[in-house]
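Fold and contact review
Here are the chains, one letter per residue:
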Amino acid sequence: MKHDQEPFLIMDENLVDQSPFLKLGRWQWWLVVAINILFLVVGQAAAVLLGRFYYFQGGNSEWMATFVQTAGFPILLIPLFLLHPSLKLEILTTSTSSSIKFVALIYVFLGLLVAGDSMLYSVGLLYLSASTYSLICSTQLAFNAVFSYFLNSQKMTALILNSVGILSLSAALIAVNEDSEIPSGVSKGKYFLGFLCTLGASAVCSLLLSLMQLSFEKVLRKETFSVVLEMQIYTSLVATCVSTVGLFASGEWKGLQKEMEGFDSGRVSYVLTLVWTAISWQVCAVGVVGLIFTVSSLFSNIISTMSLVITPLAALIVFHDKMNAVKVIATLMALCGFCSYIYQNYIDDAKARKMGSQSHTDDIEEPHHV
């Protein structure tokens, strides 16, 4: 997306020439967007539930929970090479005027942010129920509105500001709720720590999305789906290396064997939980970065907020989380904030269509001089 392009659901014509997905027309573009939305929502909901299941069944390694959030990146090589069988995975494919060292530095920096973000999420999920965790994560939308304004020239409207305010109040309700369901064995102090870590993780995640979009626009410039996958692969590689170092440096690796043997649902379940958690996070990541590529970081975060509709409801079924009055109100407020963003998008989209139609009409009616 270009800085002077106001709507964030309008397809950039330059992308049509560069991506094999976007050459067939508008409905094919919407199909790609829909697939990315499905990846994001399903992947995120599954990853959160599996992450909470890991702790619920006896897992307690924060670094292992951090590790699995990025360790599944090798599976992204499959769609990368399916798209371009002769493609070599190297930074040179970005085809940018920037030096290779500078591009590599950006990937390392983003990877370090991803590692820190993953750790914050792991701590938050350890001390919060899945439904409370998901509700706090909705603040990503508010944070992203701010970062998009400063980094991506996103226009701030009354509807967006309204949404930011509603989402902030929703998170505040969860923070001051005395009747919040606290997982077994978690003190109020650790619950508050989990709240702060999840809130901080939401802010870092929003910053990451805006920085990724800025990198596509200003540094990488070649916006193809293969570049999107490469960014996810490189940043995940860096984040996985960091979490691996943390796992061994902290000494948590020594207790993994005992943790697996003491896992309530058995060893096989322990391994499968970690494997599917890793896969789910990568499916989610493809959807997130794919939406940044096809639409914008702001829209990507909007769709992330849709997990509010799925994850807390799924947590009610899987973990029997309680939905007290405050949680219900916070959920409704978060959905209102989401709807406010969607309505702003509808207005922008309608305005862009009208302007595009008017411009096309003017071109036809303009007299040709011989």
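A few points on the structure.

Rules of the game
- Residues numbered from 1 in each chain as written.
- Predicted model: local features only at pLDDT ≥ 70, side-chain atom pairs only at ≥ 80, totals over all residues.
- Heavy atoms only, no water.
- Patch = residues over 30% accessible without salt bridge, like charges linked within 9 Å, V, L, I, M, F, W, Y side chains within 5 Å.
- Areas by Shrake-Rupley, 256 points an atom, 1.4 Å probe, with all protein chains shown as cover.
- Salt bridge = Lys/Arg side-chain N within 4 Å of Asp/Glu carboxyl O.
- Helix = DSSP H or I, 4+ residues; strand = E, 2+ residues; numbered from the N terminus.
- Phe/Tyr/Trp six-rings, centres within 6.5 Å; stacked < 30°, edge-to-face > 60°.
- Buried < 20%, exposed > 50% of the residue type's maximum accessible area, 1.4 Å probe, protein only.
- Core = buried A, V, L, I, M, F, W, Y, C linked by side-chain atoms within 4.5 Å.
- Contact = heavy atoms within 4.5 Å.
- Expected span 1.5 Å × (residues − 1).
- Bend = angle between axes of the 7 residues up to and from the residue.
- Axes fitted to C-alpha atoms, helices over the stretch in contact; angles between N-to-C directions.
- Left-handed = near helix turned anticlockwise from the far one by under 90°.
- Nonpolar A, V, L, I, M, F, W, Y, C, P; charged D, E, K, R; others polar.

1. Quick look at a nonpolar patch on the surface
A cluster of nonpolar side chains, Trp 27, Leu 31, Ile 35, Leu 38, Phe 39 and Val 42, forms an exposed patch at the surface whose accessible area comes to about 600 Å². Counting through the fold element by element, Ile 35 comes out in helix α2 (residues 26–56).

2. Focus: the packing of aromatic side chains
Counted by the stated rule, this structure contains 10 aromatic pairs. Centroid distance Tyr 54 to Tyr 270: 6.2 Å. Interplanar angle 45 degrees. Geometry classified as tilted. Pair noted here: Tyr 54 is in helix α2 and Tyr 270 is in helix α12 (residues 267–294), with a separation of 216 residues, a long-range link. In terms of burial, Tyr 54 and Tyr 270 fall into one category: buried. Residues Tyr 149 and Phe 150 carry aromatic rings whose centres are separated by 5.1 Å and whose planes lie at 85 degrees to one another, so their mutual orientation is edge-to-face. Using a relative accessible area of 42% as the deciding quantity, one classes Tyr 149 as partly exposed. Assessed through its relative accessible area of 62%, Phe 150 is described here as exposed.

3. With respect to the nonpolar core
If you look at the biggest cluster of nonpolar residues, it comprises 42 residues, and the most contacted ones within it are Leu 110, Phe 216, Leu 220, Met 231, Leu 291, Phe 299 and Tyr 341. Look past the residues within four positions of Leu 291 in its chain and what remains in contact with it is Val 33, Asn 36, Ile 37, Leu 40, Ser 296, Phe 299, Ser 300 and Ile 303. In terms of nonpolar packing, the next biggest core, distinct from the first, is built from 29 residues, Tyr 127, Tyr 191, Leu 247 and Tyr 270 among them.

4. Brief notes about helix α9 (residues 188–220)
Over its 33 residues, α9 runs 45 Å from end to end, which matches the ideal 48 Å to within 8%, given 1.5 Å per residue. At Leu 214, α9 shows its maximal kink, close to 30 degrees. One or two steps after α9, the chain reaches Arg 221, where phi turns positive at roughly 65 degrees.

5. Overview of the packing of helix α7 (residues 140–151) against α9
To characterise two packed helices, one gives the angle between the axes of the helices and the distance between these axes. Put simply, α7 and α9 touch, their axes get as near as 8 Å, and they point 35 degrees apart. Crossing angle aside, the handedness with which α7 passes α9 is right-handed. Seen from α7, the contacting residues are Gln 140, Phe 143, Asn 144, Phe 147, Ser 148 and Leu 151; seen from α9, they are Leu 199, Ser 202, Ala 203, Cys 205, Ser 206, Leu 207, Leu 209, Ser 210, Leu 211 and Leu 214. Broken down by class, the residue content of the contact of α7 with α9 amounts to 10 nonpolar, 6 polar and no charged.

6. Observations concerning the pattern of salt bridges
The full count for this structure, using the stated rule, is 1 salt bridge. A salt bridge links Glu 261 to Arg 267; the shortest N-O distance between them is 3.2 Å. Under the relative-accessibility criterion, Glu 261 is labelled partly exposed at 46%.

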